[in-house]
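Here is what each chain is made of, one letter per residue.
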2 protein chains.
Amino acid sequence: MANKKESGEFSLIETLVARRPPKDALYRPCLMAAGDDAALLASLSRPVITTDTQREGVHFRHEWQTPSEIGEKAVAVTLSDLAASFASPVALFVNLGMPAHLPDVMAEEIYDGLGVALQRYRCDLGGGNTSQSSQLSLDLFAIGEGQGAMPMRSGAEVGDLLCVTGPLGMARGGLQCLEAGETRFPDLVRAFKAPRPRFDAADVLREAGVRCVMDISDGLIGDARHMAKASGVTLSLDLKEEMAHEALTAWCEVIGESPLSAMASGGEEYELLFTCSPPVLSAIEAVCPSVISVGRVTAYSGSYLVGLPCDASSFEHR
Amino acid sequence: MANKKESGEFSLIETLVARRPPKDALYRPCLMAAGDDAALLASLSRPVITTDTQREGVHFRHEWQTPSEIGEKAVAVTLSDLAASFASPVALFVNLGMPAHLPDVMAEEIYDGLGVALQRYRCDLGGGNTSQSSQLSLDLFAIGEGQGAMPMRSGAEVGDLLCVTGPLGMARGGLQCLEAGETRFPDLVRAFKAPRPRFDAADVLREAGVRCVMDISDGLIGDARHMAKASGVTLSLDLKEEMAHEALTAWCEVIGESPLSAMASGGEEYELLFTCSPPVLSAIEAVCPSVISVGRVTAYSGSYLVGLPCDASSFEHR
């Protein structure tokens, strides 16, 4: 239905394939990757699959992120779901939607960022697709090999503690800084622009026997509500101002917002939210000191969440 | 970055999950499907993965297709790559991009179409994602279990015949009819609106030991060129007017186009293009009479394709 464009679809796919990490840098290389109609992977005992979308104006803006940063973050965000599922990355597939007016060099720079992230996480490039689009968009699809039993958001048990693997509200603060042209808080901006999936923390949680895990993409309130609903429990939040990262505290002073509210209603943190018993938490903290306990799991009392800071809300991508 | 919309992302995903076919209708149900961060599939010996995009204005138009037809075709097109790889569909993942001005009921109707197609091909719904988009778009990822050795487009051998599993140029003719408001050629319009992946023919080819297969999405010329390049051979086309479906012949008379050119420069046929020896072709034709031999594989002679009809070209989505 589109016009022929010799330099279009085929060459862009080849450009993407050229970013495939070298085989010896991969956890489990594809047997046949991009090029044919489909990719063939090595056998998978516990195939774990996740998908994500990053769209211009909804998930990123060119004013704030270079094409390479956009590509790198898209991979990190997608693989975060594998971390939350205790799965090691095997292969990533990327569909790129490119507006006709954007130069091909932008696609190449996005692919550069994808390549950097793939190499970091030892993940192969399985394939992809480019098509004309009114809006720059990346649809990513990741396949991992599950390591042991898959944790679920429905596994929260009454009496457990509700915990996170790192500071909350950082990415939202970074986004606010970018919107305001504020440059004094690089830690916040980095949290927004360059999140890292917590495979390191996931290993610790898995070895400690944690069974209820999810990554925080919709903010603590949004995702804790998902967890509470799936588990049929009430999660009682107990946030304290001293839990806030010092950069977030300082930024909240600038804008006159409560750090409690900022921590509760963040988003895109890509830290892991999990539940465990108090002794298990002690064992985890010994190897992963960034872990914070932010509440408790109680019997369902009529609402999924209690202890919310005033005026907190979770933000959501439609 | 987007505003909170209570009825947005979460409920649309639940709407999609409600279309998951019943377990006993599936080839191999997911152990854990959509809902958690990731899906967990049953073990796969030969995981075959493919991805496709269907975008409004590039791949479909609302004037021509109902939302349900759009959904159904998107699944068929994606699974066609699995058919071309001799793989049985296991699970499909769907990312939907929805413009804010479109009613949610349109997403529901698209999901209805997805559900119908999933059930037809005994494929589970593994998960998905909805996000706001300036343009209606579907990004689909399909996972299949390979049945035997995966055929490749690089497998064409000198001396073999070049064949297709059914008539060529039909979908392109159907698209032209829709553009012209022509209603006398339902076979052509059906080929464009409701293509069917050729799992039936793929089974026959696999049992006959065919090793070089791809599906025709870019038209015979476009895809034969891919095959010739990957195999390092010249493909010598030998199209004849009597190979054209009678509806295509009649439509070509209406518009004064050569049927040879129409067959060569089609697109979106989703028939399989393959190579095999003459005796193997006889065996295949005995069970699959729609197969047509359209040329021969010869040693590389300086061009990938010879025997092209005049003024033929392949069309391509950027």
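Caption draft 1: Expanded view of the overall build of chain A. Counting secondary structure elements, chain A contains 10 helices and 11 strands. Taken against the 2.2 N^0.38 rule, which gives 20 Å for 318 residues, the C-alpha radius of gyration of chain A at 20 Å falls within 12% of a compact globule. With the C-alpha coordinates aligned to their principal axes, the bounding extent of chain A is approximately 60 × 45 × 35 Å. Among the 318 residues that make up chain A, the fraction classed as buried is 57%.

Caption draft 2: Broad picture of the confidence of the model for chain A. Residues and elements named next belong to chain A. Per-residue confidence for chain A averages 90 on the pLDDT scale, and 93% of its residues sit at or above 70. Contacts for the low-pLDDT stretch residues 1-8, under 50 throughout, to residues beyond four places or in other chains number 17 contacts. Note that residues 314-318 has pLDDT below 50 and, in this model, 31 contacts with residues that lie over four places away or in other chains. Prediction confidence for the complex, expressed as pTM and ipTM, is 0.90 and 0.89 respectively.

Caption draft 3: Quick peek at the pairing of strand β8 (residues 233-237) of chain B. All names here are of chain B. Of all 5 residues that make up β8, 4 are buried, and the element is covered over most of its length. The pairing of β8 with strand β10 (residues 292-299) spans 5 bridges and is antiparallel. Within β10, the position partnered with V233 by the bridge is A299. Inspection of the sheet shows β8 paired to strand β11 (residues 305-306) by 2 bridges, in the parallel sense. Along β11, the bridge assignment pairs L235 with L305.

Caption draft 4: Structural detail: the packing of helix α4 (residues 170-180) of chain B against helix α8 (residues 246-255) of chain B. Residue and element names in this part refer to chain B. Two numbers describe how α4 lies on α8: the axes approach to 10 Å, and their chain directions differ by 45°. Relative to α8, α4 is oriented oblique. For the pair α4 and α8, the crossing hand works out as left-handed. Residues M170, G173, Q176 and C177 of α4 lie in contact with α8, whose contacting residues are L248, W251 and I255. Taken together, the residues of the contact of α4 with α8 break down into 5 nonpolar, 2 polar and no charged.

Caption draft 5: A look at helix α4 (residues 170-180) of chain A. Residue and element names in this part refer to chain A. By the criterion of burial, α4 is predominantly enclosed, with 8 of the 11 residues buried. Regarding α4, the residues found buried are M170, A171, R172, G173, G174, L175, Q176 and C177. Contact partners of the buried residues in α4: α5 (186-193), α8 (246-255) and α9 (259-264). At the C-terminal side of α4, G181 shows a positive phi close to 70°.

Caption draft 6: Focus on the pairing of strand β6 (residues 161-164) of chain A. Residues and elements named next belong to chain A. Of the strand pairs in this sheet, β6 and strand β9 (residues 272-276) are connected by 4 bridges, and their pairing is antiparallel. Looking at β9, one finds that V164 is bridged to L273. Inspection of the sheet shows β6 paired to strand β10 (residues 292-299) by 4 bridges, in the antiparallel sense. The residue bridging V164 from the neighbouring strand is I292, located in β10.

Caption draft 7: Here's a closer look at α8(B). Residue and element names in this part refer to chain B. Within α8, the full set of buried residues consists of A247, L248, W251 and C252. Around the axis of α8, the buried residues are gathered within 135° of arc, so they sit on the same side. Exposed residues pointing more than 90 degrees away from the buried face of α8 are listed as E246 and E253. Where α8 ends, the next residue or the one after it, G256, has phi of about 70°, a positive value.

Caption draft 8: Representation of the domain arrangement of chain A. Residue and element names in this part refer to chain A. Partitioning chain A into domains gives domain 1 (9-146) and domain 2 (161-306). The C-alpha-based centres of domain 1 and domain 2 are spaced at 26 Å. With 13 residues of domain 1 in contact, the opposing surface of domain 2 contributes 15 residues. In terms of residue class, the side of domain 1 that touches domain 2 is built from 7 nonpolar, 2 polar and 4 charged.

Caption draft 9: Up close: the environment of A208(A). All names here are of chain A. Within the secondary structure, A208 is located in the loop between α6 (199-207) and β7 (212-215). Distance from A208 to E72, taken between C-alpha atoms, is 30 Å for residues 136 residues apart in sequence. Those residues within four positions of A208 in sequence are excluded, and the remaining contacts are C276, V280, A283 and I284.

Caption draft 10: Region of the structure containing the sheet that holds strand β11 (residues 305-306) of chain A. All names here are of chain A. Taken in spatial order, the 6 strands line up as β7-β9-β6-β10-β8-β11 in an open sheet, and their pairing is mixed. Strands at the two margins of the open sheet, each flanked by one partner only, are β7 and β11. Running over the sheet, helix α7 (residues 220-231) touches β6, β7, β8 (233-237), β9, β10 and β11 and is turned about 150° from β8.

Caption draft 11: The arrangement of the sheet that holds β11(B) in detail. Residues and elements named next belong to chain B. Pairing in this open sheet of 6 strands is mixed, and the strands run β7-β9-β6-β10-β8-β11 from one edge to the other. The strands lining the two open edges of the sheet, one partner per strand, are β7 (212-215) and β11. Here β7 pairs with strand β9 (residues 272-276) via 4 bridges, running antiparallel. Pairing of M214 across the sheet is with L273, part of β9. Strands in contact with helix α7 (residues 220-231) are β6 (161-164), β7, β8, β9, β10 and β11; relative to β8, the strand with the most contacts, it is inclined by about 150°.

Caption draft 12: Representation of the environment of S131(A). Summarising the element assignment, S131(A) is placed in strand β4 (residues 124-132). The exposure class of S131(A) is buried, given the 23 C-beta atoms found within 10 Å.

Caption draft 13: Geometry of the nonpolar core. Ranked by size, the top nonpolar core spans 196 residues in total, and within it L92(A), L188(A), L272(A), L92(B), L188(B) and L272(B) carry the most contacts. Non-local contacts of L92(B), meaning those with residues more than four positions away in its chain, are made with V75(B), T78(B), L118(B), C123(B), L125(B), G126(B), L140(B) and A142(B).

Caption draft 14: Just the environment of R19(B), in detail. All names here are of chain B. In this fold, R19 is placed in the loop between α1 (9-17) and β1 (39-40). Sequence separation between R19 and G115 is 96 residues; the distance between their C-alpha atoms is 5.1 Å. In this structure R19 touches Y111, D112, L114, G115 and L125, once residues within four positions along its chain are discounted.

The rules behind each value
Residues numbered from 1 in each chain as written. Chains lettered and ligands numbered in written order. Predicted model: local features only at pLDDT ≥ 70, side-chain atom pairs only at ≥ 80, totals over all residues. Helix = DSSP H or I, 4+ residues; strand = E, 2+ residues; numbered from the N terminus. Rg over C-alpha atoms; globule rule 2.2 N^0.38 Å. Buried ≥ 20, exposed ≤ 12 C-beta atoms within 10 Å, placed from the backbone. pLDDT = per-residue confidence, 0-100. Contact = placed C-beta atoms within 7 Å. Pairing = 2+ DSSP bridges. Axes fitted to C-alpha atoms, helices over the stretch in contact; angles between N-to-C directions. Parallel < 35°, antiparallel > 145°, perpendicular 65-115°, else oblique. Left-handed = near helix turned anticlockwise from the far one by under 90°. Nonpolar A, V, L, I, M, F, W, Y, C, P; charged D, E, K, R; others polar. Arc of directions from axis to C-beta. Domains from an automatic or database assignment. Core = buried A, V, L, I, M, F, W, Y, C linked by C-beta atoms within 7 Å.

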